[in-house]
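# Chains, contacts and geometry: an overview
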Amino acid sequence: MAKANPVTDQERARIRELHGEGKGRNAIAKELGRSGRTISEEAGKLGISFAARAGQVAAATEVRQADLADRRTAFATKLQDIAEREAAKMSQPLLYWDWGGKDHDFDTHLAPEPTPADKRALMGTVATALDRSLKLVPPKDESGVEEGLALITQLMSGLTAVYQAQQQDQEDGEGA
């Protein structure tokens, strides 16, 4: 079965030329308006390999992932700060204001703390900020550490019991 849009000799020459310039498979595919798979197939027929760039691509990908992880951590910190700031507002005086009345007057009132409805709204903000923060940077599972300490404690208790039993046997043997 013939291909609907076969690669021309001119395109093959361009693939070789662009590869020689150090362009990757996807960049060549984009420039020629072809799929990456088509470029890979033609490159294979031409004896061209993109494997030399694989290490560079892997290193660049690793750097990008590390940068994104750092950005997620920084943003999670900002969200944590927001949560803490909003939580603190629940027990602080709050200035209420309003435009109202028939004369459309501006009025303010300093309340000793937010109303229950406003506290509920603040709690929603706090919960959302914390939830998103934890999704960006989940806490490390430290349960393994606690389990390890419990195991060591049990082991030490068992060794102590064995040692004390041996000491008791020695004392009993000397006293007889």
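What this report covers is the structure whose coordinates are included nearby. Numbering of residues begins from 1 in every chain and follows the order in which that chain's sequence is written. Totals for whole chains, interfaces and linings use every residue, but because this is a predicted model, local features are given only for residues with pLDDT of at least 70 and side-chain atom pairs only at 80 or more, for both listing and counting. Think of the side-chain values as coming from all heavy atoms in the structure, minus any hydrogens and water.

Our focus in this paragraph is the environment of Lys89. Working definition: helices are DSSP H or I runs of at least four residues, strands are E runs of at least two. Numbering for both runs from the N terminus. Tracing the backbone through its elements, the reader meets Lys89 in the loop between helix H4 (54–88) and strand S1 (94–100). Exposure is judged per residue with a 1.4 Å probe applied to protein chains only, and the accessible area is read against the type maximum: over 50% gives exposed, under 20% gives buried, and values in between give partly exposed. Given a relative accessible area of 35%, Lys89 falls into the partly exposed group. Any two residues whose heavy atoms approach within 4.5 Å at even a single point are treated as in contact. The contact partners of Lys89, leaving out residues within four places of it in the chain, are Pro114 and Leu122.

Residues Ile15, Leu18, Ile28, Ala29, Leu32, Ile39, Ala43, Ile48 and Phe50 constitute the largest nonpolar core, which totals 9 residues. For this core, the secondary structure elements donating two or more residues are helix H1 (9–20), helix H2 (25–32) and helix H3 (36–46). A per-element tally of this core places H2 first, with 3 residues. Side-chain atoms within 4.5 Å link the members of a nonpolar core, which is a set of buried Ala, Val, Leu, Ile, Met, Phe, Trp, Tyr and Cys residues.

Once that is clear, we can look at H2. Considered for burial, the residues of H2 that qualify are Ile28, Ala29 and Leu32. Seen end-on, H2 carries its buried residues on one side only, within an arc spanning 100°. Within H2, the exposed residues directed more than 90 degrees away from the buried face are Asn26 and Lys30. In the core, the buried residues of H2 are packed alongside H1 and H3. Just beyond H2, the residue with positive phi is Gly33, at close to 70°. This arc is built from the directions going out from the helix axis to the C-beta atoms.

This part takes up the pattern of salt bridges. Whenever Lys or Arg places a side-chain nitrogen within 4 Å of a carboxyl oxygen from Asp or Glu, that contact is recorded as a salt bridge. A full pass over the atoms with the stated rule returns 13 salt bridges. Ionic pairing is found between Asp9 and Arg12, a salt bridge with its closest N-O pair at 2.9 Å. With a gap of 3 residues between them, Asp9 and Arg12 both fall in helix H1, about one helical turn apart. With a closest N to O distance of 2.7 Å, Lys119 and Glu113 form a salt bridge. Classification of Lys119 by relative accessible area gives partly exposed; the value is 24%.

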